[in-house]
Amino acid sequence: MHVLLLRTTHSPGFPKYTDINKDGVIDSNDQTFIGRGEALHIGGFTNNFEYAGFDLSIFFQWSYGSDILNANRLMFESGYNKRKDLNQFASFADRWTFDNQDSNIPRISTSSSNGLFSSRIIEDGSYLRLKTLSLGYTFSPKLLKKVKISNARVYVSGQNLFTLTKYSGYDPEVSIRNTALTPNLDFSAYPRAASVNAGLNLSF
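Residues numbered from 1 in each chain as written. Predicted model: local features only at pLDDT ≥ 70, side-chain atom pairs only at ≥ 80, totals over all residues. Heavy atoms only, no water.

Undergrad: Quick one: what's the story with the environment of Tyr17, residue by residue and with numbers?
TA: For Tyr17, the position within the fold is in the loop between strand E1 (2-3) and strand E2 (32-33). Classification of Tyr17 by relative accessible area gives buried; the value is 10%. Sequence separation of Tyr17 and Ser119 is 102 residues, and the distance between their C-alpha atoms is 9.4 Å. (Helix = DSSP H or I, 4+ residues; strand = E, 2+ residues; numbered from the N terminus. Buried < 20%, exposed > 50% of the residue type's maximum accessible area, 1.4 Å probe, protein only.)

Right, here's the structure in full:
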């Protein structure tokens, strides 16, 4: 991930960038790589349980050590007033003002530096997700024999039921670019939907 550093002022409320090459000027020569697009490790674990006719199947997946470039915040939480016709995130109400100087959200300005890539929008993309869960019950053959059914099972199952993460966006499992060289970039990506299904299996 690159960051382009252009602003030279240190006025209150504006983003502040590092003079990486120590030449006293903040410009394109101060570009650097920030963040880690690939996870340190990914994985999952699953287990199946059966007891007294009940069956439970559960699958968790995780990703650890990657960062996400949350480009949504450049558009909806930047303070760049050339985007004044766009709705902003609710968090934008906590932007920098003279009465709120501890915020990391820039003040409203015409400066394009408010909309540049920087470490402000690089977030921890680690997560633990309950990917699938299924709970079922198979009726006793003795009970089913009375109604001439050989097998009956009711079940409820779900996908993407909850996710533990520090990422502020909708979904840490995101990558909207069309190349493997730009993973973990989030800009208006549609999150994975949670779903719940129920059903009945019958055999005669």
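Following the structure, the description resumes.
Undergrad: Residues and numbers for the packing of aromatic side chains, please.
TA: Enumeration according to the criterion identifies seven aromatic pairs in this entry. Plain terms: the ring middles of Trp96 and Phe98 are 4.9 Å apart, the flat faces sit at 70 degrees to each other, and that makes the pair edge-to-face. A residue is classified by how much of its surface remains accessible, and Trp96, at 8% relative accessible area, is buried. Where Tyr137 meets Phe139, the ring centres are 5.2 Å apart and the plane angle is 85 degrees; that geometry is what we call edge-to-face. What makes Tyr137 partly exposed here is its relative accessible area of 26%. What links up through ring pairs into an aromatic cluster is the set Phe45, Phe60, Trp62 and Phe162. (Phe/Tyr/Trp six-rings, centres within 6.5 Å; stacked < 30°, edge-to-face > 60°.)

Undergrad: Describe the pattern of salt bridges, and please don't skip the residues or the numbers.
TA: Tallying each qualifying case throughout the model produces nine salt bridges. Note that Glu77 and Arg73 form a salt bridge whose closest N and O atoms lie 2.7 Å from each other. For Arg73, a relative accessible area of 10% puts it in the buried group. Put simply, Glu173 and Arg192 hold a salt bridge, and the shortest N to O gap is 3.5 Å. You can see Glu173 sitting in the loop between strand E8 (151-165) and strand E9 (185-186) and its partner Arg192 sitting in the loop between E9 and strand E10 (195-203), a full 19 residues away along the chain. In this structure Arg192 comes out as partly exposed when scored by relative accessible area, which is 40%. (Salt bridge = Lys/Arg side-chain N within 4 Å of Asp/Glu carboxyl O.)

Undergrad: Describe the environment of Gln31, naming the residues involved and giving the relevant values.
TA: With respect to the element layout, Gln31 can be found in the loop between E1 and E2. With a relative accessible area of 37%, Gln31 lands in the partly exposed category. Put simply, Gln31 and Asn70 are 39 residues apart on the chain and 18 Å apart in space, counted from C-alpha to C-alpha.

Undergrad: So what about the confidence of the model for the protein? Which residues, and what values?
TA: Mean pLDDT for the protein: 85, with 91% of residues reaching 70 or above. Per-residue pLDDT stays below 50 along residues 1-9; that stretch engages in 39 contacts with residues further than four places along the chain or on separate chains. (pLDDT = per-residue confidence, 0-100. Contact = heavy atoms within 4.5 Å.)

Undergrad: Requested: an account of the pairing of strand E7 (residues 127-138), with residues and values cited.
TA: Strand direction decides the pairing type here: strand E4 (residues 54-64) and E7, joined by 10 bridges, are antiparallel. Its bridge partner lying in E7, Ser57 is registered against Ser134. With 11 bridges connecting them, E7 and E8 associate as antiparallel partners. Paired with Thr132 across the strands is Gln159, a residue of E8. (Pairing = 2+ DSSP bridges.)

Undergrad: Just give me the short version of the sheet that holds E8, but keep the residues and values in it.
TA: Spatially, five strands are ordered E3-E4-E7-E8-E10 in an open sheet, and the strand pairing comes out antiparallel. The open sheet has two edge strands, strand E3 (41-51) and E10, and neither has a second partner. Each neighbouring strand pair of the sheet contributes to a mean axis angle of 10 degrees, computed without reference to strand direction. (Axes fitted to C-alpha atoms, helices over the stretch in contact; angles between N-to-C directions.)

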